[in-house]
Every structure is written in structure tokens, then in C-alpha cells.
Amino acid sequence: MLTPEENARLTRVGPGTPMGTLMRRYWQPALLSEELLEADGAPVRVRILGEDLVAFRDTNGDVGLIDAFCPHRRAPMFFGRNEECGLRCVYHGWKFDKNGTCVDMPSEPPDSLFKTKVRIRAYPTHEAGDMVWAYLGPPELQPPAPNYELLRAPRTHRHVSKTFENANWLQALEGGIDTSHSSFAHNNDIQNKRLLRNADTAPRLEVEKTSYGFRYAGIRSRDDEDYVRVYHYVMPAQQLRGGVTDWGGGKKDVPSLHGHVWVPIDDEHTWTFNWLYSYDPAIPISHDYAVDYEYHSGRGPDDYIPGTYRLKLNAENDYRIDRQLQRTKTFTGITGVNTQDFALQEGMGPICDRSNEHLGTSDRAIIAARQLLFEALDAVDRGEAPRGTDPSDYSNVRPVDLQIPRGRPWQTELERELIARF
Ligand code: FES
Ligand SMILES: [Fe+2]
């Protein structure tokens, strides 16, 4: 349970708020590379952390991320001309490069120095892992570029997507680090009691804080084995989880590692970036496999409203819940694993009221994440660097989910599994 004040401190992300200030200390994915396919192509609107921005790929292929409004008289830069390494406002022709420098001001006399005095707000970008990452914080505190194993896996071994979520970022993150709900919300075969997550619905959670956040194991027992799902929470809002073992306990044909990065659009909306990459460098991720996985998650190509990253199944149609399916086959009656998540997380309201919750032992990871976030807010208040900004702290980790002999310590049994291979 949190007081309303604590809840506001964790959930509000606009400029100048405590969490907004903390969030701006990290690189965040701003958009997918696929949204800016060609140099000098159409600019794209981007809203993150409550800021309206425009992204464009310049003539050199570099991505600029600038204020959505021109510093002259605030015309929308979205309508700008993307030409010769800059975006030109179509109101009076002022042109800005990716660094925010005004490189042309044709509405002023040729000998005017005004152009040297005007800049547009611009943020550094870093393209990696089919995503464009951005840093919105103070320049003097900019950390090194992100370096997850995901970003080093070759393109043939990786798939990335994004989905609009109609809720505050924290309830999305708290869903992602909650292994317990997968025995319920994601149970799509309720009759089969042998499935690992049906055989034991009360996983023991072991949380270990690390320099980047924490790692935790959700341990479920079946017969003489423990099924251990080792997750990582990388601050401020990332989850890494294994996708190696199927629900029956067998090893998947294409074992993979999964996760999300949640980026606040503003206080009440979130971009959920979804990723997977190969567990085994010898087994690539084919396009067909990735598409199947996306359909299973509820976001195959036909699941999106065309031209958007929003899902057709949403609160307006109650995610097309099928009550007959719910009675006979699946726990929720909602199709698509992450659609199930969205129904529950969005249904809490735009910002979940945490003063009315009752946390149990299965919520240990959520409690730990909140502790770390409060600790990081305090660190930033004191002028210190928050946990998780140094890429070397997390660059070599990976998640996994495997069965080990019952009662054995997962830390030693899975030690080598938790080290990056790319
Ligand atoms: S408003 Fe952009 S150039 Fe005038
Ligand atoms: Fe989930």
C-alpha cells in the first residue's frame, strides 16, 4: 500500500516532477527504427515523459529528436521539410539540424545574426536493437549508451515491437515483474493440471538486489523438480524474462529470451516496447516465428488498428472477452497474452489507486521495485547517480527459465545460464 502522496511521487513523470527527473537520467527507447525508414523521409510525432517532440532521419541517416514546436512562433515541426541534414519549419522556413542548431533563417536579412541566438530543443539519440533511444536529461549527466545483450544480438536473432498502453507506466511495470499472475491471467489451458504454472500456483519469490535493480526467481514445484523463472528488473522500467521452457516443461524448439521496456508517454499512457532474442546463438529467430509469437502475445500485424500501434482489442470493446471460452478453456476469456495484461492494467484506471491495495507474499518483487524507485528518487535529490545508469552493470546479464532438481539453489544451478552469450 502507498499513500496518495507516495503514489503520485512514483507515477508522475512530467518535466520537473521527482519521477520525471529520475526517468530523465536514463536512456529510453523513443520509437522504433521502422518508424523512420529512409533518410530525409517523413518526420514522426513522438510524445514521451509528457514532452511533445518530432523525430526525423536526416540525410546522413542520423536521427534527430527535437521540440514539436518551432521556437519562432511555435508552428508544428511535424509538417516540416526534411532536407539536407535538417528539418525546416514550413511557416517561415527556419531550419534546424539534429543537434538543435538553427542552420538557416531565410525570413531574416542575410546579414542578421539572429540565427546564432535561436535553438530548438533537441535531445541526443542512439540507435540500437531496431530502436531509437533518447536521453532527455541534463547533458552533463548523460550516461554511456545502453548496452543490453538484446542490442548485441544480430538482427537475425532478434525481434522488437511496440504497443500503446492506456495506463500509467508503473502498473505496466508492476505487471511485468509479477510472475504470480501468469498462473492465472495467462492460463490458456485451465483443464491441464500438469502444466508447470498450473501445478503450482503459489510460486516462492526470491529477490536479490543488484547494481542495476534486482534479479528474482519465481520458483514453482512439480514432482521432484523446481521450475525457476529468473527475471531481471533493470531500472527504471525494464523486465527481462526467460522463454526457454514451454508450459508443459519441455524445451522450446526456438528457445528465446523476452522482455519489455516501458516508456511513459505521459502520466496516463505508456509505450510498451516488446522484445525477444535467441537464447541460443545457433538458433536464429525467423520472421515467421516472430510473427507467430506476436500473434500469441495479441499483437500480430492484423491485431493493430491500421497505421497505429494501438490494438483493436481494447477497453472500448472489453477486449472482446469471450465468456464461453472463459468457462471452458482459458482463465480470462481474452485472447492474446499481452492483451490479457492490458485488460487488467488498463482496467485499474489511468493511475492505479495504491492506497487501496493489499500486497501479499507473491508481491515481493513489486515491493522491492518500489523500494528501489524511492531510493533512486532520494539519490537524485541528494545529487547522486541513481542505480542502473551504468551499462557495465547489466551488459552481461540474461534471464532464463529452466527446471532444476527440487530444493537446489538456483543461483548456483543456473549460474552459467545467467551470463550473456552475445
Ligand atoms: S514558426 Fe517556424 S519558422 Fe516561423
Ligand atoms: Fe502478464
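Above this text you will find the structure in question.
Just so it is clear, the model here is predicted, and its values are computed rather than measured.

### Some remarks on the sheet that holds strand β3 (residues 51-57)
- Here we have four strands laid out as an open sheet, ordered β2-β3-β4-β9, and antiparallel in their pairing. Of all strands in the sheet, those bounded by a partner on one side alone are β2 (44-48) and β9 (122-123).
- Judged from the five bridges that link them, β3 and strand β4 (residues 63-67) form a sheet pairing that is antiparallel. The residue bridging Ala-55 from the neighbouring strand is Leu-65, located in β4.

### Overview of the packing of helix α1 (residues 4-11) against helix α9 (residues 364-381)
- Two elements in contact, α1 and α9, have axes whose closest approach is 11 Å; the angle formed by their N-to-C orientations is 75°. When the axis of α1 is compared with that of α9, the two are roughly perpendicular. Across the interface between the two elements, Glu-6, Arg-9 and Leu-10 from α1 touch Arg-370, Leu-373, Phe-374, Leu-377, Asp-378 and Asp-381 from α9.

### Focus: the coordination of the iron ion (ligand 2)
- Every protein donor of the iron ion (ligand 2) is accounted for by His-181 (NE2), His-186 (NE2), Asp-341 (OD) and Asp-341 (OD), and the metal-donor separations fall at 2.0 to 2.6 Å.
- Seen from the iron ion (ligand 2), its four donor atoms lie at angles of 54 to 149°, and the figure they make is irregular.
- Here the donor residues for the iron ion (ligand 2) map to a single chain with the spacing H-x4-H-x154-D.
- A relative accessible area of 9% places His-186 in the buried class.

### Focus: the nonpolar core
- In terms of nonpolar packing, the biggest core is built from 89 residues, with Met-19, Trp-169, Phe-214, Tyr-233, Leu-373, Trp-410 and Leu-414 touching the most fellow members.
- Sort the elements by how many residues they give to this core and α9 lands first, with ten residues.
- In this structure, Leu-414 is in contact with Val-228, Val-230, Val-400, Leu-402 and Ile-404, ignoring residues within four places of it in sequence.
- Val-54, Phe-56, Met-77 and Met-105 belong to the second largest nonpolar core, which has 15 residues in total.

### A few points about the pattern of salt bridges
- What the rule picks out here adds up to 31 salt bridges.
- A salt bridge links Arg-121 to Glu-51, with the nearest nitrogen and oxygen atoms 2.3 Å apart. Note that Arg-121 is positioned in the loop between β8 (102-104) and β9 and Glu-51 in strand β3, a separation of 70 residues in sequence.
- Residue classification places Arg-121 among the partly exposed positions, given a relative accessible area of 33%.
- Beyond isolated ion pairs, a larger network of salt bridges with shared partners links Arg-24, Glu-51, Asp-67, Arg-74 and Arg-121.

### A closer look at the environment of Arg-327
- Looking at the secondary structure, you find Arg-327 in helix α7 (residues 323-328).
- On the basis of relative accessibility, which here comes to 59%, the residue Arg-327 falls in the exposed class.

### So, the packing of aromatic side chains
- For the coordinates displayed, the defined rule picks out 14 aromatic pairs.
- Both rings, one in Phe-184 and one in Phe-331, keep their centres 5.7 Å apart while their planes meet at 65°; by these two values the pair is edge-to-face. Residue Phe-184 is located in the loop between α4 (169-176) and α5 (196-199), and its partner Phe-331 is located in the loop between α7 and α8 (337-346); the two are separated by 147 residues in the primary sequence.
- Each ring, one from Tyr-304 and one from Tyr-309, has its centre 6.2 Å from the other, and the planes form 80°; the classification is edge-to-face.
- For Tyr-304, a relative accessible area of 13% corresponds to the buried category.

### Re the pairing of strand β11 (residues 131-134)
- Side chains of β11 alternate between two faces, with Met-131 and Trp-133 and Val-132 and Ala-134 buried alike.
- Taken together, the four bridges between strand β1 (residues 28-32) and β11 define a ladder with antiparallel strand orientation. Residue Leu-32 lies in a different strand from β11, and its bridge partner there is Met-131.

### Description of unusual backbone geometry
- Here the amide bond leading from Met-235 into Pro-236 is cis, since omega sits at 0°, within 30 degrees of zero.
- Within the element layout of this structure, Pro-236 appears in the loop between β15 (225-234) and β16 (238-245).
- One non-glycine residue with positive phi stands out, namely Leu-49, at about 50°.
- Along the chain, Leu-49 turns up in the loop between β2 and β3.

### Things to note about the side chain of Glu-83
- Positionally, Glu-83 belongs in the loop between β5 (81-82) and β6 (87-88).
- Classification of Glu-83 by relative accessible area gives buried; the value is 18%.
- Here Glu-83 is in contact with Asp-40, Thr-59, Arg-88 and Lys-95, once residues within four sequence places are set aside.

### Some words on the sheet that holds β5
- With respect to topology, four strands assemble into an open sheet ordered β5-β6-β7-β8, the strand pairing being antiparallel. Every interior strand has two partners, whereas the edge strands, β5 and β8, have only one.

So, how was this worked out
In this convention, every chain numbers its residues from 1, walking through the sequence in written order. Lettering for chains starts from A, numbering for ligands starts from 1, and both go in the order in which the items are written. In keeping with the predicted nature of the model, local features appear solely for residues at pLDDT of at least 70, side-chain atom pairs appear and are counted solely at 80 or more, and the whole-chain, interface and lining totals rest on all residues. Based on all heavy atoms of the structure, the side-chain values leave hydrogens and waters out of the count. Note on pairing: DSSP must find at least two bridges between two strands before they are called paired. Each helix is a run of DSSP H or I of at least 4 residues and each strand a run of E of at least 2, with the numbering of both proceeding from the N terminus. The angle between two axes is taken between their N-to-C directions and runs from 0 to 180 degrees, where each axis is a line fitted to C-alpha atoms and a helix contributes only its stretch in contact. These descriptions rest on fixed angle ranges, namely under 35 degrees for roughly parallel, over 145 for roughly antiparallel, 65 to 115 for roughly perpendicular, and the rest for oblique. Contact definition: two residues touch when any of their heavy atoms are within 4.5 Å. Keep in mind that water is not among the atoms, so a site may look incomplete; donors are the N, O and S atoms within 2.8 Å of the metal, or 3.2 Å for Na, K and Ca. The geometry test gives tetrahedral to four donors whose angles all lie between 85 and 135 degrees, gives square planar to four donors and octahedral to six donors whose opposite members are over 155 degrees apart with all other angles between 65 and 115, and gives irregular to the rest. When accessible area is computed with a 1.4 Å probe and restricted to protein chains, residues below 20% of their type maximum are described as buried, those above 50% as exposed, and intermediate ones as partly exposed. Here, nonpolar core means buried Ala, Val, Leu, Ile, Met, Phe, Trp, Tyr and Cys residues that are tied together by side-chain atoms lying within 4.5 Å of each other. Any carboxyl oxygen of Asp or Glu that lies within 4 Å of a side-chain nitrogen of Lys or Arg is treated as forming a salt bridge with it. Under the pairing criterion, centres of Phe, Tyr and Trp rings, with the six-membered ring standing for Trp, must be within 6.5 Å; the plane angle then separates stacked pairs below 30 degrees from edge-to-face pairs above 60, leaving the rest tilted.

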